[in-house]
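A structural walkthrough
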Amino acid sequence: MCTIIYSCNNEAVQIHSDASYIVNIDSAEDRGVFYLSSIVKSVRPILLEEPDYALIGDIYQMDIVDNHIFILDALVAKKMFMYDMNGKFLRQIGAMGEGPDEYRALADFCVDTERKEIYLLDRYKKLLKFNIRDGKHLETVNLPHGDFWYDELAYVDNSLYMDINHEELDVSNNRLLKL
């Protein structure tokens, strides 16, 4: 089991990993003192290597897949990073720019563990697919434009799903697009 604890800001954290177990401490009984050792056998910090070209300013989203750590910094560095489980920087996934294989503003990502591919969602209505093994760009899909935006990605049962939002729709009326 892997438990991820990190601190950058006070925002909620989404962790999408089969190797993780989310403990909802808000609904826990108040027994006074809480000892992490009551649910964890051992703790091993992973100090991330941060070369100058891979400085993380804000962890927007993080996932652990196949012993790799994926970190999306959508706000400060505006990049997607990949590390091994020892914290060694492996590569940046994709690059910012205006080209067909580049993104302008990252919104979300998800991983296809079987094909070893990673999907990056660009807020400017583009979906980019990269090979995890070498970081090479595989495909770009230009998404339909309209008075809406694409918010979240999920890869479930060999299908990619995307959340579509519209400012006039409330949360219960958001639509999922299966790609």
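So, here's what we can say about the structure. Keep in mind that what you see is a predicted model, and the values were worked out from it rather than measured.

**Here's the deal with the sheet that holds strand β8 (residues 137-142)**
Strand order in the open sheet made by the 4 strands is β5-β6-β7-β8, with antiparallel pairing throughout. Since the sheet does not close on itself, it has two edges, and those belong to β5 (106-112) and β8, each with one partner. Taking each pair of neighbouring strands and ignoring which way they run, the sheet shows an average axis angle of 20°. As judged from the 6 bridges shared by β5 and strand β6 (residues 117-122), these two strands associate in the antiparallel manner. When the bridges of β6 are listed, Asp-112 appears paired with Glu-117.

**Here we look at the environment of Ala-154**
Inspection of the secondary structure puts Ala-154 in strand β9 (residues 149-156). Given the relative accessible area of 30%, Ala-154 is considered partly exposed. Sequence-wise, Ala-154 and Cys-110 are 44 residues apart; in three dimensions their C-alpha atoms are separated by 5.9 Å. Not counting chain neighbours up to four residues away, the residues in contact with Ala-154 comprise Cys-110, Ser-159, Leu-160 and Tyr-161.

**Here we look at the pairing of strand β4 (residues 89-93)**
Relative to β4, strand β3 (residues 79-84) is paired through 4 bridges, and the arrangement is antiparallel. Note that in β4 the partner of Met-80 across the bridge is Ile-93. Here β3 folds back onto β4 in antiparallel fashion, the turn holding 4 residues, of which Gly-87 has a positive phi close to 90°.

**Re the environment of Leu-127**
Turning to its location among the elements, Leu-127 is positioned in strand β7 (residues 126-131). Looking at Leu-127, the relative accessible area reads 5%, which means it is buried. Sequence separation between Leu-127 and Thr-140 is 13 residues, and the spatial gap between their C-alpha atoms is 5.7 Å.

What counts, and at which threshold
Residues numbered from 1 in each chain as written. Predicted model: local features only at pLDDT ≥ 70, side-chain atom pairs only at ≥ 80, totals over all residues. Heavy atoms only, no water. Pairing = 2+ DSSP bridges. Helix = DSSP H or I, 4+ residues; strand = E, 2+ residues; numbered from the N terminus. Axes fitted to C-alpha atoms, helices over the stretch in contact; angles between N-to-C directions. Buried < 20%, exposed > 50% of the residue type's maximum accessible area, 1.4 Å probe, protein only. Contact = heavy atoms within 4.5 Å.

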